[in-house]
Amino acid sequence: MLPLLTMSEVKDTAKPPRRRGRTRISSKNQATIPVEALKRAGLKPGDELRVEAAGAGRIVLTRDEDVIERHSGSLTEAYPEGYLARLRAEWP
């Protein structure tokens, strides 16, 4: 039977503490982004991100915007007032 480790022995074998604002790439090539960095970038859970290499040791994450959502409603004065209502009235 193996002897139990003392608390100091357990602490000696533990990983060094993480520094705030830093992360590590896992064996599965995953990295956890610190919450403060996400908040400052205006990113939230569910956002889709574009990932691009920007040189050695540098990766840029950019929110991947939905083109339709970005432009919907932006052409409010493209048709004269009432035109679309008259056009829809012609539909069978």
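Keep in mind that what you see is a predicted model, and the values were worked out from it rather than measured.

Draft legend 1. Molecular detail of the pattern of salt bridges. What the rule picks out here adds up to three salt bridges. The residue D47 makes a salt bridge to K44 at a minimum N-O spacing of 3.3 Å. Residue D47 is joined to R63 by a salt bridge in which the shortest nitrogen-to-oxygen separation is 3.3 Å. Linking D47 in the loop between α2 (35–41) and β1 (49–53) with R63 in strand β2 (residues 59–63), this pair joins segments that are 16 residues apart in sequence. Among the charged side chains, a salt-bridge network with shared partners connects K44, D47 and R63.

Draft legend 2. Geometry of the packing of aromatic side chains. Overall, the coordinates contain one aromatic pair when judged by the stated rule. For the pair Y79 and Y83, a centre-to-centre distance of 5.4 Å together with 10° between the ring planes defines the contact as stacked. Owing to a relative accessible area of 48%, Y79 belongs among the partly exposed residues under this scheme.

Draft legend 3. Local environment of the pairing of β2. Strand direction decides the pairing type here: β1 and β2, joined by five bridges, are antiparallel. Counterpart to E52 in the pairing with β2 is V60. Counted between consecutive antiparallel strands, the loop separating β1 from β2 contains five residues, among which G55 sits at a positive phi close to 105°.

Criteria and cut-off values
Residues numbered from 1 in each chain as written. Predicted model: local features only at pLDDT ≥ 70, side-chain atom pairs only at ≥ 80, totals over all residues. Heavy atoms only, no water. Salt bridge = Lys/Arg side-chain N within 4 Å of Asp/Glu carboxyl O. Helix = DSSP H or I, 4+ residues; strand = E, 2+ residues; numbered from the N terminus. Phe/Tyr/Trp six-rings, centres within 6.5 Å; stacked < 30°, edge-to-face > 60°. Buried < 20%, exposed > 50% of the residue type's maximum accessible area, 1.4 Å probe, protein only. Pairing = 2+ DSSP bridges.

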